[in-house]
Amino acid sequence: SPPIQSKAFSPASPGGRRGGQSSRARRHTSSMSEGGDESAAAKMEAMVLDGKKGDDVPPSSAGAANGDGQPSSSAAGDGEAQQPKLSKSALKKLAKQKGKKKKEKPQWGQPGEGKKKKDDKKKSALAARPEFVNTTPKGERKDLKEPMADAYHPAAVEAAWQDWWEAKGFYGCDPKFAEGKSDDEKFVMVIPPPNVTGSLHLGHALTAAVEDTLTRWHRMLGHATLYVPGTDHAGIATQSVVEKMIMKNDGMTRHDLGRDAFVSKVWEWKAEYGNRITTQLRRLGSSVDWGRERFTMDEMCSKAVVEAFNRFHEDGLLYRAERLGNWSCALKSAISDIEVDYVELEGRTFREVKTHKGNPADPKGR
């Protein structure tokens, strides 16, 4: 296309220099669009900066003009053929752009692929880990002849130590040693007995950690220290679990068995399922005296409960009277307020009661 024609300017014309700069900017823009250079924006910026510097250049240097005020053909031809002048900063930018490679967009994997890779890595690490075999006899000091593993493996590190600590009696308290201590130098604590029907959770672990820290601190101070473990029979909860087991296996109720036979069934169930809590306490490393472990249905604990009730009755704190209580139709026993689920009823409402058939003449027992 022919070059853009613009009127020549003179210093006397209003806005002459500024108009000349605009004309020159248009010519440079036209030449850049024809060349199709990738760095057109950088050149345009350099041209504008060059135009600002050209304010000090005399008008005659911008291009030769004839007598009519029109630029000569030679000047127009030279303007068309000449490339725009770039500043040093623009040349540096252009050189950097030529050296750079076009960035490719990252190819993201499918959803969940990262987690799958991590799981596969863990599985491969576990497969490569040699299986630990505890060769230390129970109750003896741990055998440390085997080379230490490269990483920490809890099963390998913690094995055998708890049995040796218990066998050595490190957590016990000698009564003769405690006799010579003052009250300020004695520390005795009974672990809050967890229900034997369940298992320890994170709250139990936190409590045991705090209690064990206190116990170990007093033991390090040289005090007579005793930390007593135990479990709770859980009352109605244990009774309900054992009753369901008896009904499922033998098709009998506790009334069919009788009191003594049912209590023996409770002890059998406790021996089979109740050791889970004590095993967890041992895994935690609690420094309790396992030689003094108690269950709230032990003979000693039962005698203490009977003695306490007799004293309360003799002192008038415990007495028999008529009060509104909570009766369980399923357990056929009185239960406490905390074991009752309350339901708000609006007006007359028929409710189904377990183990209560109601009116035989009505299909719904009303």
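Since we're looking at a predicted model, the values are computed, not measured. Positions within a chain are numbered from 1, following the residues in the order the chain's sequence is written. With the structure being a predicted model, the display of local features is reserved for residues of pLDDT at least 70 and the display and counting of side-chain atom pairs for 80 or more, all residues being used for whole-chain, interface and lining totals. Side-chain numbers here rest on the full set of heavy atoms in the structure, without hydrogens or water.

Looking at a nonpolar patch on the surface
Inference 1: Each patch is built from residues lacking any salt bridge and having more than 30% relative accessible area; the joining distance is 9 Å for like charges and 5 Å for nonpolar side chains (Val, Leu, Ile, Met, Phe, Trp, Tyr). Only the protein chains shown count as covering a residue, and every accessible area follows the Shrake-Rupley method with a 1.4 Å probe. Each salt bridge in this description consists of a side-chain nitrogen of Lys or Arg and a carboxyl oxygen of Asp or Glu lying within 4 Å of one another. Where nonpolar side chains cluster on the molecular surface, the patch consists of V305, F309, F312, L317 and L318 and spans about 470 Å² of accessible area.
Inference 2: Each helix is a run of H or I in the DSSP string that is no shorter than four residues. Each strand is a run of E no shorter than two, and both are numbered from the N terminus. Here V305 is to be found in helix 14 (residues 299–314).
Inference 3: Working definition: with a 1.4 Å probe on protein chains only, accessible area under 20% of the residue-type maximum means buried, over 50% means exposed, and in between means partly exposed. Residue V305 is classed as partly exposed on the basis of its relative accessible area, which comes to 43%.

So, the packing of helix 10 (residues 236–250) against helix 12 (residues 259–273)
Inference 1: Lines fitted to C-alpha atoms define the axes here, with helix axes fitted over just the stretch in contact, and angles between the N-to-C directions of these axes take values from 0 to 180 degrees. In contact at an axis separation of 10 Å, helix 10 and helix 12 are set at 100° when each is read in the N-to-C sense. Here helix 10 is positioned roughly perpendicular relative to helix 12, judged by the angle of their axes. Mapping the contact onto sequence places T238, Q239, V241, V242, E243, M245, I246 and D250 in helix 10 and F262, K265, V266 and W269 in helix 12.
Inference 2: For this scheme, ten residues count as nonpolar: Ala, Val, Leu, Ile, Met, Phe, Trp, Tyr, Cys and Pro. Four count as charged, namely Asp, Glu, Lys and Arg, and the remainder, Gly too, count as polar. Per-class residue counts for the contact of helix 10 with helix 12 are seven nonpolar, two polar and three charged. Roughly parallel here means an angle under 35 degrees, roughly antiparallel means over 145, roughly perpendicular means 65 to 115, and every remaining angle is called oblique. Between two residues, a contact is recorded if the distance between any of their heavy atoms is within 4.5 Å.

A few points about the pattern of salt bridges
Inference 1: Taken as a whole, this structure holds seven salt bridges when the rule is applied.
Inference 2: Notably, a salt bridge pairs E299 with K303, separated by 3.6 Å at the nearest N-O pair. Here K303 and E299 lie together in helix 14, a separation of four residues that amounts to about one turn. K303 shares its class with E299; the two are exposed.
Inference 3: Between E307 and R311 there is a salt bridge, with the nearest N and O atoms lying 2.9 Å from each other. Of this pair, E307 and R311 both sit in helix 14, four residues apart, roughly one helical turn.

Regarding helix 14
Inference 1: Helix span, as expected, comes to 1.5 Å for every residue beyond the first. With 16 residues, helix 14 should reach 22 Å at 1.5 Å per residue; the first-to-last C-alpha distance of 23 Å fits that figure.
Inference 2: One or two residues past the end of helix 14 sits G316, with phi positive at roughly 80°.

A closer look at the nonpolar core
Soluble globular proteins tend to bury their nonpolar side chains together.
Inference 1: Note on terminology: a nonpolar core comprises buried Ala, Val, Leu, Ile, Met, Phe, Trp, Tyr and Cys residues joined through side-chain atoms within 4.5 Å. The biggest cluster of nonpolar side chains holds nine residues, and these are F187, M189, I191, L200, Y227, I277, L281, V288 and W290.
Inference 2: Among the secondary structure elements, those contributing two or more residues to this core are strand 1 (186–190) and helix 13 (275–284).
Inference 3: Beyond its immediate stretch of four places on either side in the chain, Y227 contacts M189, I191, A208, E211, D212, T215, S286, S287, V288 and D289.
Inference 4: Among the nonpolar cores identified, the runner-up in size contains seven residues, and F262, V266, W269 and F295 belong to it.

Brief notes about the environment of F312
Inference 1: Secondary-structure assignment places F312 in helix 14.
Inference 2: Once you skip the residues sitting within four places of it in the chain, F312 turns out to touch L317 and L318.

As for the environment of F309
Inference 1: Note that F309 resides in helix 14.
Inference 2: Judged by relative accessible area, which is 47%, F309 ranks as partly exposed.
Inference 3: Between the alpha carbons of F309 and Y319 there is a distance of 10.0 Å; along the sequence they are ten residues apart.

Re the pairing of strand 1
Inference 1: Going residue by residue along strand 1, you find F187 and M189 tucked away on one face and K186, V188 and V190 left uncovered on the opposite face.
Inference 2: When strand 1 meets strand 2 (residues 224–228), the two strands line up parallel, connected through five bridges. Note that in strand 2 the partner of V190 across the bridge is V228.
Inference 3: Between strand 1 and its parallel partner strand 2, the chain crosses via helix 9 (residues 202–220), and the hand of that crossover is right-handed. At least two DSSP bridges between two strands are required for those strands to pair. Every crossover in which the path from the first strand over the helix to the second runs clockwise, viewed with the strands pointing away from the viewer, is termed right-handed.

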